[in-house]
Amino acid sequence: MHCQVLIAGGGTGGITLASWLRRLAPELDVTVVEPSSSHDYQSGWVLVAGGFVPMAETERSEASVMPEGVRWICSKVVAFDPEQHAVELIDGQRITYGVLVVALGLDLLWSAVDGLPAALGRHGVCSIYSRRFAMYTRDCLRRFQGGTALFTQPATAIKCGGAPQKIMHIADQQFKRRSGVGVKSRLIFCTAKSNLFPVPAFSEAMGAIAAAHGSEVRFRHDLVAVNGPERRAVFRVREQEGGQSHELELGFDLLHVVPPMAAPRVVAESPLAVNPTEGWVEVDPHSGQHLRYPDVFAIGDVGSFPTSKTAAAVRLQAPVVAANVQAVLQGRSVQGGYDGYSACPLITTDHSVMMVEFDYTKKPVSSFLVDPVKERWFAWLLERWGFPWIYWNRMLKAQPHEGAYLKPFTGLARRLGLMRWQR
Ligand SMILES: Cc1cc2nc3c(=O)[nH]c(=O)nc-3n(C[C@H](O)[C@H](O)[C@H](O)COP(=O)(O)OP(=O)(O)OC[C@H]3O[C@@H](n4cnc5c(N)ncnc54)[C@H](O)[C@@H]3O)c2cc1C
């Protein structure tokens with residue numbers, strides 16, 4: 001089988017890109033390979049765990065989000081052969097392509113933490129990083145009777161770098177509301193990193209928010225083992241970056257785990273990877289084009305884009321990658337254009353969110369005419385009602401980012417030096 005454009009993966013990146021290709025070049029023959037029959041709005045799992053939305057609001061059938069005119073092969077890619085411009089599927093079928101776009105997301109490495117797979121979903125060990133355990137997380141928050149609640153973040157790159165803190169703030173608010181009936185809680189955020197966020201201005205603001213809530217933050221604490229029945233978690237702790245490490249055991253009544261994450265194995269073991277240990281697809285950070293195979297692109301979490309892995313990043317990568325796919329098919333040169341934009345709205349209470357938008361400059365930027373380093377009510381409304389609607393009705397349907405409509409005003413404001421953070 002041969003197709004003009006083959007998209008491996010029909011999650012957020014694969015579907016958004018397929019829509020942009022239909023919009024920019026409806027004559028193209030586009031095929032998506034995706035094994036799952038359902039499509040998730042993963043950002044919504046935090047809202048589910050907080051009890052703000054039912055799980056059903058975060059899921060639709062894959063068929064319903066597949067753009068019209070796009071062929072869907074319900075299967076799994078098991079090998080990439082870029083020298084032969086081909087991929088192999090799990091049933092042995094080989095598909096050759098004119099252009100390949102890799103959109104496989106990333107792998108969650110639950111078993112990299114000793115004892116975690118056996119403990120998850122029981123003994124108060126929960127996670128918003130999976131559809132199944134998001135519901136259990138909600139139940140754990142509701143049933144919490146007081147004690148120590150640990151929230152972890154691993155050393156690896158993760159999707160949505162703010163999500164591990166969002167769930168802590170939601171829990172904190174719920175527990176404090178029950179303090180009148182004797183629920184006394186101690187919340188500890190244990191991160192393997194040396195900061196709370198890769199953008200210094202946000203990291204500082206996040207530290208201040210945690211301190212204001214009375215939550216403890218511990219840096220360079222990497223979760224390595226969990227004993228569910230005894231409710232004990234083991235961390236590898238470094239006093240300073242690159243220094244000696246020692247083990248520390250902490251007891252818990254609730255443990256929220258964010259597992260280590262890595263590039264999908266099928267990519268890491270292929271010639272598309274930067275190298276087998278850093279297995280992301282090796283792309284130009286501005287165009288999404290592979291650095292060694294010009295007929296290969298990546299979008300979303302699987303790409304080596306040096307920015308946070310989010311759906312917001314996908315939203316701005318998609319039109320650039322779609323235009324470049326078209327350029328390669330027509331023998332034109334590709335254009336950069338993606339500036340590393342990513343966003344990870346940080347829920348801090350059930351009525352406030354810090355917008356957390358940034359780009360490759362690692363400085364805060366804003367799409368909404370406001371300082372993004374502040375907690376705001378309107379941002380909560382966007383997070384709770386706006387973004388889910390935008391995801392299903394605009395992003396997956398290749399509608400431009402809302403910030404684009406404000407560009408004439410924000411551009412002018414920036415030129416006049418009125419709003420230094422405007423995009
Ligand atoms: C708890 C949580 C909170 C988040 N919060 C936010 C947020 O607030 N803001 C934000 O912008 N983003 C957020 N994100 C991140 C966002 O959901 C991801 O960055 C986004 O989904 C990435 O899109 P993707 O296409 O790269 O990967 P995915 O959407 O994960 O899609 C990958 C697809 O590839 C398919 N696949 C895997 N292996 C194969 C294979 N071998 N062959 C074929 N198909 C395969 C999978 O089935 C999947 O459908 C959050 C994520 C989580 C989990």
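Conventions we followed
- Each chain carries its own residue numbering, running from 1 in the written order of its sequence.
- Only residues with pLDDT of at least 70 are given local features in this predicted model, and only at 80 or more are side-chain atom pairs given and counted; all residues enter the totals for whole chains, interfaces and linings.
- The side-chain figures draw on all heavy atoms in the structure; neither hydrogens nor water molecules are used.
- The helix count covers DSSP runs of H or I at least four residues long, the strand count covers runs of E at least two residues long, and both are numbered beginning at the N terminus.
- As used in this structure description, the phrase polar contact means that two N or O atoms lie within 3.5 Å; if the pair is within protein, one of them must be able to donate a hydrogen and the other to accept it, and residues adjacent in sequence are counted only when both atoms belong to side chains.
- Residue contacts are defined here by distance: any two heavy atoms, one from each residue, within 4.5 Å place the two residues in contact.
- Domain borders in the structure are assigned automatically or taken from a domain database.
- Buried area is calculated as the accessible area (1.4 Å probe) missing from two parts once they are joined, with the contributions of both summed.
- Put simply, a salt bridge is a Lys or Arg side-chain nitrogen that is within 4 Å of an Asp or Glu carboxyl oxygen.
- Residues are grouped as follows: nonpolar covers Ala, Val, Leu, Ile, Met, Phe, Trp, Tyr, Cys and Pro; charged covers Asp, Glu, Lys and Arg; every other residue, Gly included, is treated as polar.
- Residue proximity to a molecule or strand is established when one non-hydrogen atom of the residue lies within 4 Å of it.
- Per-residue and other accessible areas follow the Shrake-Rupley method at a 1.4 Å probe size, with only the shown protein chains counted as cover for residues.
- Three labels apply to residues, based on accessible area from a 1.4 Å probe with only protein chains included: buried if under 20% of the type maximum, exposed if over 50%, partly exposed otherwise in between.
- Note on pairing: DSSP must find at least two bridges between two strands before they are called paired.
- Within the patch definition used here, like charges are joined within 9 Å and nonpolar side chains (Val, Leu, Ile, Met, Phe, Trp, Tyr) within 5 Å, considering only residues with over 30% relative accessible area and no salt bridge.

A. Just the side chain of Ser-130, in detail. Mapped onto the elements, Ser-130 comes out in the loop between strand 10 (125-126) and helix 5 (131-143). Within the structure, Ser-130 has its side chain in polar contact with the backbone nitrogen of Arg-132 (distance 3.3 Å). At 3.0 Å, the side chain of Ser-130 and the backbone nitrogen of Phe-133 are in polar contact. Apart from the residues within four sequence positions on either side, Ser-130 is in contact with Trp-45 and Trp-110.

B. Main features of the domain arrangement of the chain. Each domain of the chain was delimited in the assignment, giving domain 1 (2-107 + 262-329), domain 2 (108-261) and domain 3 (343-415). Between domain 1 and domain 3, the residue contacts involve 30 residues of the former and 23 residues of the latter. The largest contributions to the domain 1 side of the interface with domain 3 come from Tyr-41, Phe-52 and Arg-315, which together make up 31% of the buried area. Linking domain 1 with domain 3 are zero salt bridges. The interface formed by domain 1 and domain 3 includes eight residue pairs in polar contact (both at pLDDT 80 or more). Broken down by secondary-structure element, the contributors of at least two residues to the side of domain 1 that touches domain 3 are helix 1 (12-24), strand 3 (38-40), helix 2 (44-49), strand 4 (59-61) and helix 9 (311-329). With six residues, helix 1 is the single largest residue contributor to the side of domain 1 that touches domain 3. Looking at the side of domain 1 that touches domain 3 residue by residue, the class counts come to 15 nonpolar, nine polar and six charged.

C. Just the site of the ligand, in detail. What surrounds the ligand is a group of 30 residues, the closest being Gly-13, Glu-34, Lys-166, Asp-301 and Ala-312. Ala-311 is positioned such that a nitrogen or oxygen atom in its backbone is 2.9 Å from an oxygen atom of the ligand. When the ligand sits alone it has 1,000 Å² of accessible area, and the protein chains cover 89% of it. Of all the secondary structure elements, the ones that give two or more residues to the shell around the ligand are helix 1, helix 6 (163-177) and helix 9. Tallied by class, residues from the shell around the ligand come to 14 nonpolar, ten polar and six charged.

D. Structural view of the pattern of salt bridges. The full count for this structure, using the stated rule, is 15 salt bridges. Two residues, Arg-94 and Asp-81, come together in a salt bridge whose shortest N-O distance is 2.8 Å. Residue Arg-94 is located in strand 8 (residues 94-102), and its partner Asp-81 is located in strand 6 (residues 77-81); the two are separated by 13 residues in the primary sequence. Its relative accessible area of 39% is what places Arg-94 among the partly exposed residues. Given the relative accessible area of 24%, Asp-81 is considered partly exposed. A salt bridge links Arg-292 to Glu-282; the nearest nitrogen and oxygen atoms lie 2.8 Å apart.

E. Spotlight on the sheet that holds strand 22 (residues 352-354). Pairing is antiparallel across the open sheet formed by three strands, whose spatial order is 21-22-24. One side of each edge strand has no neighbouring strand; the edge strands of this open sheet are strand 21 (346-349) and strand 24 (375-376). Sheet topology note: the strand 22/strand 24 ladder contains two bridges and is antiparallel. Bridge pairing in strand 24 places Met-354 opposite Glu-375.

F. Molecular detail of a nonpolar patch on the surface. Together, Trp-377, Leu-381 and Trp-385 line one region of the surface with nonpolar side chains, adding up to about 370 Å² of accessible area. With respect to the helices and strands, the residue Trp-385 is situated in helix 10 (residues 377-395).

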